[in-house]
2 protein chains.
Amino acid sequence: MTGAGWLRRLWALKRRQVLLGGPGLGASVRGRCIGDSAVPRLVEEGLRPRLDKFGGLSLQLAQLRSPDSLDCATFRNWLRDSIKQWKAEGHKAIWLHVPILQSRFIAVAAEQGFTFHHAESDSATLTLWLGEGFNKLPHYATHQLGVAGAVLDVNAGKVLVVQDQNKTTNVWKFPGGLSEPGEDIGNTAIREVFEETGIKAEFKSLLCIRQQHRHPGAFGKSDMYIICRLKPSSFNISFCQQECLRCEWMDLAELAKAKDTTPITANVARLLLYGYKEGFDKIDLTMREFPAIYTGLFYKLYHKELPEDYRNITDV
Amino acid sequence: MTGAGWLRRLWALKRRQVLLGGPGLGASVRGRCIGDSAVPRLVEEGLRPRLDKFGGLSLQLAQLRSPDSLDCATFRNWLRDSIKQWKAEGHKAIWLHVPILQSRFIAVAAEQGFTFHHAESDSATLTLWLGEGFNKLPHYATHQLGVAGAVLDVNAGKVLVVQDQNKTTNVWKFPGGLSEPGEDIGNTAIREVFEETGIKAEFKSLLCIRQQHRHPGAFGKSDMYIICRLKPSSFNISFCQQECLRCEWMDLAELAKAKDTTPITANVARLLLYGYKEGFDKIDLTMREFPAIYTGLFYKLYHKELPEDYRNITDV
């Protein structure tokens, strides 16, 4: 059963999402406090365990009115007793959210079996699996995203390539780098190309996706690397000398058979050559934007171009 | 300047990766200890700041011989004085790795400006940017990866679809879920299809990629969602009733024009129909495996099929 599968199962078991609260959370709160009989002190302090959107039980230590006056021993006793009670009540997981300045409570929770789920900026989230079998909680983000831009000047038949500064071997590759949080794939390509080479370009399509696990530099996580086809709107190179040793417009056919390049660059150069000679529709994954059902935001979808009579299909 | 760009810049500045060590790290250690003049106590305790592979200065609190006997006040004074010294020495960033049971030191570090970079299992990593301008350190993983399988029975012209249990609206979609850490895209699709429907299938191709930011359920991070084309090797449905309300082989042409489906499912159904009628080469992103340069591991690369005469190009 996947993490997502477990979430859906828990949702089935807890059909009515119970908002458990009490004084301190505002007028819209209703319901009962979990574990009142075991936790008078911490509830008085403002702490309100609640069933969160993932179906687990969530504790927000930021709710404590006077966190600095809560000593570790009191928290330890409360947590130990509460865990027993929550387990008896059938809760499958506890999520503990700890502000960075209250991190002394993390070690206390770890003694009870909590482990880090994730942390960023000024907060850490820990979890404790109370259910049977292995931990079925959903993981945190598992991939970093790197994007490169293959900027093809179709008039000259040349593509923009760089050699990285300070690498062991000087191989030609497409300019690129890690995406910023919240940045769209095409925008990463455009930004990285500009930062490394000074060339302005526009997004045309996705060309390939590479997945790599245990990627060096990914803090033990996985790497998704996407190469995009870009169309240049400027041609005068002004490359960043801290990042690049060299940068030039190389004949695409030459790059396609070059030896001093990476396997993925050579492969994509050949793909580009195929598209250049026989039509980019043969290689492009074009982008369309759709509204996301649950958020009202938009997302970008990439796939082979769909002919219009299939795109607008209502009757087959 | 991207995070990756900064890393490369720092690499250029620190051309010789200095391993700074001293007693306690083994016979292969050479070099000098940073900040000896300011940090006698902690160095005697085993702590050895070192330039790590990202070019920053790394502190591993796990090196402390007797962490439980180190009080917060001593650590605070040492850290405060060390930061002044390291900044004066020109170091741009400090990475602080804290075992979960020593989390009381996290709050101390936060007082000095450290923030969480990431945390997992029994360790947290914090960072402090000492350089000029904005923080140029590389981010942690930014995307979760969800994969669905569009299992197409080409003989019957039917595709396997499910309706999720306990959703607000009952819409048809392809079975799928979150990838496990280290799991390849195609294997996620195969596993999720089997877990949800009981159908065994094999990977044929990637069909589309969707990127969505601030995805609900992604802990504030982004979501990459990939739909794969699978070929069934079994046909008797035995679906997981905790996860699915319904599961059936639906006529592909019917799904392509169905109203009770998600936009992405309808779009991919039309893509599948196009491929089904006019050749899957029109829609497929096929997979090839390559060796990764730096790790000796392999990675999978997905793109439109490259004709053989382009794949083996040596002379153009």
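Residues numbered from 1 in each chain as written. Chains lettered and ligands numbered in written order. Predicted model: local features only at pLDDT ≥ 70, side-chain atom pairs only at ≥ 80, totals over all residues. Heavy atoms only, no water.

Naming follows an unreviewed UniProt entry, where chain A appears as Nucleoside diphosphate-linked moiety X motif 6 of Sphaerodactylus townsendi.

S.K.: Is there a simple way to explain the packing of aromatic side chains in this structure?
M.R.: Here a ring pair, both rings aromatic, is described through the centre-centre distance and the interplanar angle of the planes. Under the criterion given, the structure shown has 16 aromatic pairs over all chains. Where Tyr140(A) meets Phe219(B), the ring centres are 6.0 Å apart and the plane angle is 55 degrees; that geometry is what we call tilted. In this pair, Tyr140(A) is assigned in the loop between β5 (123-129) and β6 (143-153) and Phe219(B) in the loop between β10 (201-212) and β11 (222-232), connecting two distinct chains. Centroid distance Phe290(B) to Tyr299(B): 5.8 Å. Interplanar angle 20 degrees. Geometry classified as stacked. Given a relative accessible area of 10%, Phe290(B) falls into the buried group. Through pairs of rings, three or more aromatic residues link up here, namely Phe75(A), Trp78(A), Trp86(A) and Phe105(A). In this structure, Arg210(A) is placed above the aromatic ring of Tyr299(B), and the distance from its NZ or CZ to the ring centre is 4.9 Å. Seen from the ring of Phe280(A), Arg229(A) lies directly overhead, with NZ or CZ sitting 3.8 Å from the centre. (Phe/Tyr/Trp six-rings, centres within 6.5 Å; stacked < 30°, edge-to-face > 60°. Helix = DSSP H or I, 4+ residues; strand = E, 2+ residues; numbered from the N terminus. Buried < 20%, exposed > 50% of the residue type's maximum accessible area, 1.4 Å probe, protein only. Lys NZ or Arg CZ within 6 Å of the ring centre and 35° of its normal.)

S.K.: Sorry if this is basic, but what is going on with the interface of chain A and chain B here?
M.R.: Frequently, the measure chosen for interface size is the accessible area that the parts lose on association. Counting from both sides, the interface comprises 114 residues of chain A and, opposite them, 113 residues of chain B. For the chain A and chain B pair, buried surface summed over both sides reaches about 10000 Å², with 63% attributable to carbon and sulfur atoms. At the surface where chain A touches chain B, the tally comes to two salt bridges. Between Lys221(B) and Glu120(A) there is a salt bridge whose closest N-O contact spans 2.9 Å. Counting across the chain A and chain B interface gives 25 residue pairs in polar contact (both at pLDDT 80 or more). For the side of chain A that touches chain B, the residue count by class is 54 nonpolar, 28 polar and 32 charged. For strand β14 (residues 298-304) of chain A and β10(B), the ladder comprises four bridges, and the chain directions are antiparallel. Bridged to Leu301(A) within β10(B) is Arg210(B). (Contact = heavy atoms within 4.5 Å. Buried area = accessible area lost by both parts, 1.4 Å probe. Salt bridge = Lys/Arg side-chain N within 4 Å of Asp/Glu carboxyl O. Polar contact = N/O pair within 3.5 Å; in protein donor to acceptor, adjacent residues only side chain to side chain. Nonpolar A, V, L, I, M, F, W, Y, C, P; charged D, E, K, R; others polar. Pairing = 2+ DSSP bridges.)

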